[in-house]
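# Overview (structure and organization)
In case you want the letters, here they are:
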Amino acid sequence: MASRSGPWFVAPFLILFVLLFLAPLGYAGYLSLFQQRLVGGTVFVGLDNYVTALKDPLLLHGVGRVALFFVIQVPLMLLLALLFALALDSGLLRLARVIRLGIFVPYAVPSVVAALMWGYLYGPDFGPFAQLTRQLDLPAPRFLSDGWMLGSLTNIVTWEFVGYNMIILYAALRTVPQDLYEAAAMDGAGAWRVAWSIKLPALRPALLLTLLFSVIGSFQLFNEPSLLMKIAPDVISSSYTANLYAYSLAFTGQQVNYAATVSFLLGLVIVIASYAVLLTANRRRPA
């Protein structure tokens, strides 16, 4: 009886997975094989759109920009999340629950609201930083300039997701058996030794999970540059990130077929990057 009822429990997930993931993915793949032309209408072009996309400098620059963003932002974010998780797990902090909630609260703020808030803070004319520097007769910081924009985006995304990753790492630390800590104490190990020899090895699966989430999130960067583009249009273009480029092609340029191609290639980049992370982690894992 149990073997017959099992598929019924899985069926709702499978139905939603097919309707909300596989069907749209298949339709997007179908669209990517066609091209809308002024003469002849929609025609089948096979892989021509993919060949064009691989040579598209706007797409290549967008992917390279988010790759640079990933290299800068993700290590910083995960390092801060790790430090916060270790500090909270140490039991030495007062008001640990309040601190944990305070670190996590930015994640509860929608990314659109966060981008708008930081856009106001970054404002060269109306932002509080600019007003303060003017009162001190100093040049206003150019947070939205070309040289600072990637760092400004890094700050926003880090502020948003440090708490989320901290919770994952902190939850993993709470599962470490207490016997290991007691054995380390009997051997005379200090707090730093316990953190290095017990806590960090126990956090490897959780760190890998947060790293994979970060790979996916970084290459799908969209909300923050999309909103900051309104106040810094000379710096952030419609192709600033690959995801923003695909959106602009579909909803501004009405190039739905090419947008589907760009989206497919972006998904392929994410898969390759995620696999590279998993492969590297498995090679470094001790036997």
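The text that follows walks through the structure, step by step, so that each part is easy to find. (Residues numbered from 1 in each chain as written. Predicted model: local features only at pLDDT ≥ 70, side-chain atom pairs only at ≥ 80, totals over all residues. Heavy atoms only, no water.)

Let us look at unusual backbone geometry. In the Ramachandran plot, Leu-95 falls in the positive-phi region, its phi being about 55° despite a non-glycine side chain. Relative to the assigned elements, Leu-95 resides in the loop between helix H3 (57-89) and helix H4 (96-108). (Helix = DSSP H or I, 4+ residues; strand = E, 2+ residues; numbered from the N terminus.)

Turning to the side chain of Thr-154, a few remarks are in order. Take Thr-154: it is sitting in helix H7 (residues 149-173). With sequence-adjacent residues up to four places away left out, Thr-154 is seen in contact with Phe-69, Ile-72, Gln-73 and Leu-76. (Contact = heavy atoms within 4.5 Å.)

Direction vectors running N to C along H7 and helix H10 (residues 204-219) enclose 160°, while the axes themselves pass 9 Å from each other. When the axes of H7 and H10 are compared, the pair comes out roughly antiparallel. The two elements H7 and H10 cross, and the hand of that crossing is right-handed. For the pair H7 and H10, the contacting residues are Tyr-164, Asn-165, Ile-168, Leu-169 and Ala-172 in the first and Ala-206, Leu-207, Leu-209, Thr-210, Phe-213 and Ser-214 in the second. Class assignment of the residues belonging to the contact of H7 with H10 gives a composition of eight nonpolar, three polar and no charged. (Axes fitted to C-alpha atoms, helices over the stretch in contact; angles between N-to-C directions. Parallel < 35°, antiparallel > 145°, perpendicular 65-115°, else oblique. Left-handed = near helix turned anticlockwise from the far one by under 90°. Nonpolar A, V, L, I, M, F, W, Y, C, P; charged D, E, K, R; others polar.)

Look at H3 against H7: their axes get within 7 Å of each other, and the N-to-C directions meet at 40°. Compared by their axis directions, H3 and H7 come out oblique. For the pair H3 and H7, the crossing hand works out as right-handed. For the contact of H3 with H7, the class distribution of residues is 22 nonpolar, four polar and two charged.

Geometry only, nothing functional implied.
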